[in-house]
Structures are given as structure tokens and as C-alpha cells.
Amino acid sequence: MTSRTGRHFLQIPGPTNTPDQVLRAMSAPTIDHRGPEFAALTVRLLDIVKPVFGTSGPVVIYPASGTGAWEAALVNTLSPGDRVLCFETGHFATLWQEMATSLGLKVDFVPGDWRHGADPEELARRLTADTKNAIKAVCVVHNETSTGVTSRIADLRAALDAAGHPALLLVDTISSLGSLDYRHDEWGVDVTVAGSQKGLMLPPGLSFNAVSEKALAAAKTARLKRSFWNWEPIIEANRRGFFPYTPATNLLYGLSEALGMLDAEGLPQVYARHARHAAATRAAVHGWGLEVLCADEREYSGSLTAVLLPDGHDADKVRRIILERFDMSLGAGLGRLAGKIFRIGHLGHFNDLTLAGTLAGVQMGLELSGVPVDPAGLGKALDVLRTP
């Protein structure tokens, strides 16, 4: 195995780089999860996590991946045979609708080209046609990790309101929370799904549901089977600072530190930093003469950029050369995009020079792979980064 010097560049769109201070926080001795010190930690965490979601309501924390939080959102609010409306915006939206089907729900899957987000006008048409209110929930991925496309949740909420439809709004923010502006309460989201390993700058292992009053009411009559995922015993135990299961104590230490970092920077500044780095990345892509996969500039992602290669070029070859030559990992194309795109993650614990190094490595890898690119692309990104 070739010896490496320096740090590996982990530029996939999650898991992201875990800050040293978060790793140090996680290395503290484990404490009694039924003792007073842990109870104080839990009560404080459940309070300071709320601003990241943009909510004043309860946030449920599971020792699980984001997939677990998907399941929790569905089983707590719906009953067997309920109709749900899902939008095909990419690989992860597809997986969520597959889960819904496997749980016994009837899924109306709105087809998409993986280059656009969920269409508010199409949502309005379908809800208006649903005169008997058969659709019980709308499931949307806010930021599709597989494509770098961000759906316009506020516009989707407006479509729901304009139609006067009572469907719940369930939103996956796994690759947007802590990176992109998100407003659970203001946008009328009923369940927000999130994970720890992206904008929250933690290793994988925690997932979250932010829950509206409407969703809590739906949970009282929902009949899908649930045990571990059941909100009610968790929220009840949380009032006393505890969990009805063994929590991921050391990950919670890390969460406390990560939330402190986000608060110290200020969430508006965090979102502006991500938007600026995304703009610099797109400037490089366009400067190289390549195409950003996202086809609507209103839906550009602030946390990752998917780069579409010309016909005849293999994105996985580019990724392999970049890994072997420059010790940098880029995201692969998933599902129908395999071999056609690579994804540059620019979220979490990240700064200007890290992005400049990332884009330099991408440019060299493209050139070594024989992809025709204009070498001025990197300079286009640096022009953005030089602007305060």
C-alpha cells in the first residue's frame, strides 16, 4: 500500500469531515445515561438543537442513520393503506418511496428527471384533483444528495395551503440541515428528517425528527406498527432528560460541541458560507466547460455540486484517478447516474482553502483522465473566493 502524507481530502457529500474539537468531545468518558449529569445534558441538547431546525417544537433523537428517521416519520403518522405523494428527485427520494411501499402505504410517485426538484405546480394540480383528501402525506427530499438539487419547500407549502389540503408535509433534510437555510415552523413542515453526518459535522449514528403539533395529533390515530420508533415514550422520557433506550452518549457529547460551533459562527453566516462555496464550485465547473447536473438555478444546492461529464467519459475513472493520485474522495453517481457524474461535497467543517485545494485536485484529475476541460476553470473559482 502506498504511504500517504498529509490529510485525506474527504469531499463526498457526507459523511463529512469531523472537526477535531468534536472528536475530542466524543472522547470524554461515558457517563451513566440514567444519572443526573446525563439528564442535564439531554435537556440542554433538546433545547439548543431547535434553532438548527427552525422550530420551537419537539425534536426526537434516535441512535440510528437517517433511514431510521425516515421510517419514524412514516410509522408515527400514517396507517396501512394510506396514500402518500412522493417526488422522484433522485436516488434517495426513490429509496424513501420504496420504504413507504414496503410499510404497506400506497405511493403516488411523481416521475422526475433527477435534474429538477419537486414541482410546486405539479403538487398543486394533484392536490386540487384529490377532492376526497385521500392523500395523507407529501414526502419531499429538501436537498437531494445524489443530484445536488434543492427543492423549494416554502413553495411546496404554499401549494398545499392554496389547495386547502390537509396532507402532512414530511421533509428529508439529511444533506441540508446545518448547511442550508431551513425553517420547519415557518414553512409548515410536519416532520423534518435529519442525520448527524453531514452539516452537523458528526460521524454517522444519530438521526432526528422535528415534529409539528399536527404530526403529534396524527400519531394518536396512526396504525402502522411502531415500537422503537414510537415518538410518545421518547418525548415523555425526554421531559425528564432521559431516553427509553440506551442512547449514543458519546455522539451526544459531539452533538453538543457541533451545535456550539454552529451557534458561535451564527446560522445566517453558516448558510452564507455554504452558498459562497457552492457558487465558487459552480464557477469552476462552468469554467472547465462542463455542466452542473442541476438544471434550475433556483434549485442549486449549497452543500454539494454534481458534475455531469460529456458522453464517452467515465466519472468513476475520474474519481479513481483523483483518489489514487491526490488522496481525495469524491461522491459517486448513484442509480441511473452511475458513471455519468461525480459529486463534490462542500459542506460542514470547510473553508476557502479546503475548497481551493479540492477544486485543484478535481481539475488535475479531469486533465489526467482525458476529459477536455479549460484549465482556466480553477481561476474562475478563485475569483469568487477572493471576494469577501
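In this convention, every chain numbers its residues from 1, walking through the sequence in written order. pLDDT decides what is reported in this predicted model: residues at 70 or higher carry local features, side-chain atom pairs at 80 or more are listed and counted, and totals for whole chains, interfaces and linings draw on all residues regardless. The side-chain numbers reported here are obtained from all heavy atoms of the structure, hydrogens and water having been left aside.

Pairing between two strands requires that DSSP report at least two bridges joining them. Only DSSP runs of H or I covering at least 4 residues are called helices, and only runs of E covering at least 2 are called strands; the numbering of each starts at the N terminus. Taken in spatial order, the five strands of this open sheet run E1-E13-E14-E12-E11, and their pairing is mixed. Two strands close off the open sheet at either side, each with one partner strand: strand E1 (9-11) and strand E11 (291-292). As paired strands, E1 and strand E13 (residues 328-332) are joined by three bridges and run parallel to one another. Counted as the bridge partner of Phe9 is Met328 from E13. Residue contacts are counted whenever heavy atoms from the two residues lie within 4.5 Å of one another. Whenever a helix is involved, its axis is fitted only over the stretch in contact; in every case the axis is a line through C-alpha atoms, and angles between N-to-C directions fall within 0 to 180 degrees. Relative to E13, helix H12 (residues 315-326) is tilted by about 165°, and along the sheet it contacts E13 and strand E14 (341-345).

Relative to the elements of secondary structure, Thr18 occurs in the loop between E1 and helix H1 (20-26). Contact partners of Thr18, with chain neighbours within four places excluded, come to Leu23, Met201, Leu202 and Pro203.

Let us look at the pairing of strand E9 (residues 191-195). Relative accessibility thresholds used throughout: buried, under 20% of the residue-type maximum; exposed, over 50%; partly exposed, between the two (1.4 Å probe, protein chains only). Burial analysis of E9 places five of its five residues in the buried class, the great majority of the element. Residues of E9 alternate between two faces, with Val191, Val193 and Gly195 on one and Thr192 and Ala194 on the opposite face, all of them buried. In the sheet, strand E8 (residues 168-172) pairs with E9 via three bridges, with the strands oriented parallel. Residue pairing for E9: Val171 is matched across the bridge by Thr192. Alignment of E9 against strand E10 (residues 207-211), held across five bridges, turns out to be antiparallel. Opposite Val193, over in E10, you have Asn209 as the bridge partner.

Formed by 88 residues in total, the largest nonpolar core has its most connected members in Trp231 and Leu255. Of all the elements, helix H10 (residues 249-265) adds the most residues to this core, at eight residues. Each residue touching Trp231, except ones within four places of it in the same chain, is listed here: Val60, Tyr62, Ala72, Ala73, Asn76, Thr77, Val191, Asn209, Val211, Ala215, Leu216 and Ala219. The definition of a nonpolar core used throughout is a set of buried Ala, Val, Leu, Ile, Met, Phe, Trp, Tyr and Cys residues joined through side-chain atoms within 4.5 Å. Judged by nonpolar contacts, the second largest core, of 28 residues, contains Trp288, Leu330, Leu355 and Val362.

Here we have seven strands laid out as an open sheet, ordered E2-E10-E9-E8-E5-E3-E4, and mixed in their pairing. Two strands close off the open sheet at either side, each with one partner strand: strand E2 (59-62) and strand E4 (106-110). Across the sheet, the mean angle separating the axes of adjacent strands is 20° when strand polarity is ignored. Against the sheet, helix H5 (residues 91-102) contacts strand E3 (83-87), E4, strand E5 (135-141), E8 and E9, and its axis sits at roughly 160° relative to E4.

Take the packing of helix H6 (residues 120-129) against helix H7 (residues 153-163) next. Relative to each other, H6 and H7 sit at 25°, their axes nearing to 9 Å. Here H7 runs roughly parallel to H6, going by the angle between their axes. Judged by the sense of rotation from one axis to the other, the crossing of H6 with H7 is right-handed. Seen from H6, the contacting residues are Pro120, Leu123, Ala124, Leu127 and Thr128; seen from H7, they are Asp155, Leu156, Ala159, Leu160 and Ala163. Polar here means any residue outside two lists: the nonpolar Ala, Val, Leu, Ile, Met, Phe, Trp, Tyr, Cys and Pro, and the charged Asp, Glu, Lys and Arg; Gly therefore counts as polar. Taken together, the residues that form the contact of H6 with H7 break down as eight nonpolar, one polar and one charged. The cut-offs work like this: below 35 degrees is roughly parallel, past 145 is roughly antiparallel, 65 to 115 is roughly perpendicular, and the gaps in between are oblique. By the definition used in this description, the sense in which the near helix is turned from the far one sets the handedness, with an anticlockwise turn below a right angle giving left-handed and a clockwise turn giving right-handed.

Now for unusual backbone geometry. With an omega of 0°, the peptide bond between Gly14 and Pro15 qualifies as cis. Following the sequence through the fold, Pro15 ends up in the loop between E1 and H1. Positive phi is not limited to glycine here, since Met201 has a value of about 65°. Structurally, Met201 is set in the loop between E9 and E10. A relative accessible area of 4% places Met201 in the buried class.

This paragraph deals with helix H14 (residues 377-385). Because each turn of an α-helix spans 3.6 residues, side chains separated by three or four positions end up pointing in the same direction. Along H14, the positions that sit buried rather than exposed are Gly377, Leu378, Ala381 and Leu385. In an axial view of H14, the angular spread of the buried residues amounts to 100°, which keeps them on one side of the axis. Its buried side turned inward, H14 meets helix H11 (267-288) and helix H13 (352-368). In this description, one arc is meant: the one made by directions from the helix axis to the C-beta atoms.

Turning to the packing of H11 against H14, a few remarks are in order. Contact pair H11 / H14: the axes reach a minimum separation of 7 Å and the direction vectors enclose 155°. Classified by the angle their axes make, H11 and H14 are roughly antiparallel. The way H11 lies across H14 gives a crossing that is right-handed. Contact with H11, carried on its side by Arg276, His277, Ala279, Ala280, Ala283, Ala284, Gly287 and Trp288, involves Gly377, Leu378, Lys380, Ala381, Val384 and Leu385 of H14 and no other residues of that element. Here the residues of the contact of H11 with H14 sort into nine nonpolar, three polar and two charged.

Moving on, we get to the pairing of E10. Summarising burial for E10: five of the five residues are buried, a large majority. Going residue by residue along E10, you find Ser207, Asn209 and Val211 tucked away on one face and Phe208 and Ala210 tucked away on the opposite face as well.

Attention now moves to the packing of aromatic side chains. Centre distance within 6.5 Å is the pairing criterion for rings of Phe, Tyr and Trp, where only the six-membered ring of Trp is used; planes under 30 degrees apart are then read as stacked, over 60 as edge-to-face, and the remainder as tilted. Summed over all chains, the structure comprises nine aromatic pairs. Here the aromatic rings of Tyr182 and Trp187 are separated by 5.4 Å at their centres, their planes lie at 85°, and the arrangement is edge-to-face. Across this residue pair, the class does not change: Tyr182 and Trp187 are buried. Through pairs of rings, three or more aromatic residues link up here, namely Phe38, Tyr62, Phe228, Trp229, Phe243 and Tyr245.

By themselves, these are just geometric observations and shouldn't be taken as functional.
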